[in-house]
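Take a look at the letters that make up each chain.
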Amino acid sequence: MFSAPHLQLIEQALARSPARVLAVALGGETVIIKRQESRARPLAYRALNLAARMLGQPLLCAVPAYGGAAGQATEVRRLQALQAAGVAVPTVLHIAPDWIALSHAGEHSIDHLLSRSQEPQLAIWESALAAILDAHHKGQVLSQAFARNIHRHQGQIVFIDFEDDPTEVLSQEQAQARDWLLYMHSTAYLLQADRQILAQRLLAFLRQDSAAVQALIFSSARSLGWLRHLPRQRKPWGRDVISLQSAAEVMHALGSVN
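Calculation criteria
- Residue numbers run consecutively from 1 along every chain, following the written order of its sequence.
- This being a predicted model, a pLDDT of at least 70 is required before a residue's local features are given, and a value of 80 or more before pairs of side-chain atoms are given or counted; all residues contribute to the totals for chains, interfaces and linings.
- As a convention, hydrogens and water are excluded, and side-chain values are obtained from all of the structure's heavy atoms.
- Two strands pair if DSSP finds at least two bridges between them.
- Working definition: helices are DSSP H or I runs of at least four residues, strands are E runs of at least two. Numbering for both runs from the N terminus.
- Fitted lines through C-alpha atoms serve as axes, helices being fitted only where they are in contact, and the angles separating the N-to-C directions of these axes extend from 0 to 180 degrees.
- Contacts are assigned to residue pairs with any non-hydrogen atoms lying within 4.5 Å of each other.
- Under the convention used throughout, the expected extent of a helix is 1.5 Å for every residue step, that is, one less than its residue count.
- Classification of residues uses two cut-offs on accessible area relative to the type maximum, computed with a 1.4 Å probe and protein chains only: under 20% is buried, over 50% is exposed, and between them is partly exposed.
- Think of it as the arc spanned by the lines of direction from the helix axis to the C-beta atoms.
- Side-chain atoms within 4.5 Å link the members of a nonpolar core, which is a set of buried Ala, Val, Leu, Ile, Met, Phe, Trp, Tyr and Cys residues.
- When a carboxyl oxygen of Asp or Glu lies within 4 Å of a side-chain nitrogen of Lys or Arg, that pair is called a salt bridge.

Trainee: Even after reading the chapter, I still don't get the sheet that holds strand β1 (residues 21–26), so can you show me in this structure?
Mentor: Backbone hydrogen bonds are what pair the strands of a sheet, in a parallel or an antiparallel way. Judged by pairing direction, the sheet is antiparallel, and its four strands sit side by side in the order β1-β2-β4-β3 without closing on themselves. In the strand order of this sheet, the two ends are held by β1 and β3 (92–95), each with one partner. When the angles between neighbouring strand axes are averaged without regard to direction, this sheet yields 25°. Pairing between strand β2 (residues 29–35) and strand β4 (residues 99–103): five bridges, direction antiparallel. The residue bridging Ile33 from the neighbouring strand is Ala101, located in β4. Packing of helix α1 (residues 4–16) onto the sheet brings it into contact with β1, β2, β3 and β4, and relative to β1 it is tilted by some 145°.

Trainee: Would you explain helix α6 (residues 172–187) in this entry?
Mentor: Because an α-helix packs 3.6 residues into every turn, residues spaced three or four apart end up facing the same way. Helix length check: α6, at 16 residues, gives a terminal C-alpha distance of 23 Å against a target of 22 Å (1.5 Å per residue), a fit within 8%. In terms of burial, α6 is largely enclosed, as twelve of its 16 residues are buried. For α6, the full list of buried residues reads Ala175, Gln176, Ala177, Arg178, Asp179, Trp180, Leu181, Leu182, Tyr183, Met184, Ser186 and Thr187.

Trainee: Sorry, what's going on with the sheet that holds strand β6 (residues 150–153) here?
Mentor: On the basis of which strands lie adjacent, the open sheet formed by three strands has the order β5-β6-β7 and antiparallel pairing. Bordering the open sheet on either side are β5 (108–109) and β7 (156–159), each of which pairs with just one other strand.

Trainee: For this particular structure, what's the right way to read α1?
Mentor: For α1, built from 13 residues, the straight-helix expectation of 18 Å at 1.5 Å per residue is met to within 8% by its first-to-last C-alpha distance of 18 Å. Listed in full, the buried residues belonging to α1 are Ile10, Ala13 and Leu14. Buried residues of α1 fall within an arc of 100° about the axis and therefore sit on the same side. Opposite the buried face of α1, by more than 90 degrees, sit the exposed residues Ala4, Pro5, Ala15 and Arg16.

Trainee: What is the right way to read the nonpolar core from this model?
Mentor: Ile110, Trp125, Phe159, Trp180, Tyr183, Ile217 and Leu254 are the most contacted members of the largest nonpolar core, which has 54 residues in total. If you tally residues by element for this core, the top one is helix α5 (residues 121–137), at nine residues. Dropping the residues within four chain positions of it, Leu254 is found in contact with Ala199, Leu202, Leu203, Leu206, Ile217 and Phe218. Ranked by size, the runner-up nonpolar core spans twelve residues in total, among them Phe2, Ala13, Val24 and Trp99.

Trainee: Before we go on, may I ask you to explain the environment of Met251 in this structure?
Mentor: Along the polypeptide, Met251 turns up in helix α10 (residues 239–257). Given a relative accessible area of 4%, Met251 falls into the buried group. Separated by 221 residues in the primary sequence, Met251 and Thr30 have C-alpha atoms spaced 39 Å apart.

Trainee: How should the pairing of β4 be read in this particular structure?
Mentor: Every regular strand shows the same layout, with side chains that alternate between the two sheet faces. Burial runs high along β4: four of the five residues are buried. Both β3 and β4 contribute to a ladder of three bridges, which runs antiparallel. Residue pairing in the sheet places His94 in a bridge with Ala101 of β4. Between the antiparallel neighbours β3 and β4 lie three residues.

Trainee: In this structure, what is going on with the pattern of salt bridges? I would like to understand it.
Mentor: Any two side chains of opposite charge can pair if their charged atoms end up close together. For the coordinates displayed, the defined rule picks out eight salt bridges. The salt bridge partner of Glu163 is Lys34, with a shortest N-O separation of 3.3 Å. Of the two residues, Glu163 is situated in the loop between β7 and α6 and Lys34 in strand β2; the sequence distance between them amounts to 129 residues. Taking relative accessible area as the criterion, Glu163 reaches 12% and is therefore assigned buried. Ionic pairing is found between Glu119 and Arg152, a salt bridge with its closest N-O pair at 2.5 Å. Taken together, the residues span a long stretch of sequence, with Glu119 in the loop between α4 (110–116) and α5 and Arg152 in strand β6 at a distance of 33 residues. On the accessibility criterion, Arg152 (26% relative accessible area) is partly exposed.

Below, the structure is given as structure tokens:
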């Protein structure tokens with residue numbers, strides 16, 4: 001719980017800014033304040049579920065994100081469970097009726113580092129692969145395992161954004177396989193390495209996950225590989241198309257090295 005002066009500083013910051021997520025300095029430390037998110041639109045869920053059925057990929061189905069107080073409660077519950085299991089996630093510092101305060105997870109996400117860091121790309125990429133695998137070994141699943149939600153803070157990989165729970169609609173093995181797919185989707189287009197090399201590196205981590213998760217990933221590789229024929233040019237197609245195309249290239253290569 002925060003002191004009264006700290007709560008007053010947070011409320012003042014919220015009053016000044018309409019942003020949903022704020023960084024507030026309290027006692028020399030940066031604290032992240034997250035307002036509740038508005039409720040998701042069912043139409044978007046129906047569209048995503050339709051795409052999942054058309055692609056034959058239940059792993060890509062929409063995960064309920066309730067928004068509001070229910071979404072906030074889900075995030076608090078999941079953060080606390082993940083932290084108790086030993087997964088690096090932000091600490092819940094305070095729970096208010098319409099916002100929560102979390103410890104800072106660092107400034108730089110994996111997609112930022114892959115795009116702008118002078119470090120070797122593969123080392124950055126594999127650091128998150130190792131952290132995902134570690135979470136699975138601890139019996140946990142992530143939520144939105146996109147590179148933007150995986151940060152590096154003080155040399156450690158930290159996961160953020162837990163306002164939904166994939167195990168509400170997927171088995172644990174399906175949710176864990178989904179973690180791998182989402183990470184691939186959000187990173188492959190940024191990586192400059194040969195797709196065969198990426199597939200081999202990915203396989204080294206997948207082989208350490210459960211047999212059920214591996215089977216789901218290899219099944220996805222077979223069914224999604226054709227998407228590698230999508231356009232590779234960002235303009236006029238946009239990032240979503242090239243993200244799918246690049247991820248499908250790696251998934252197709254994964255099928256050949258498996």
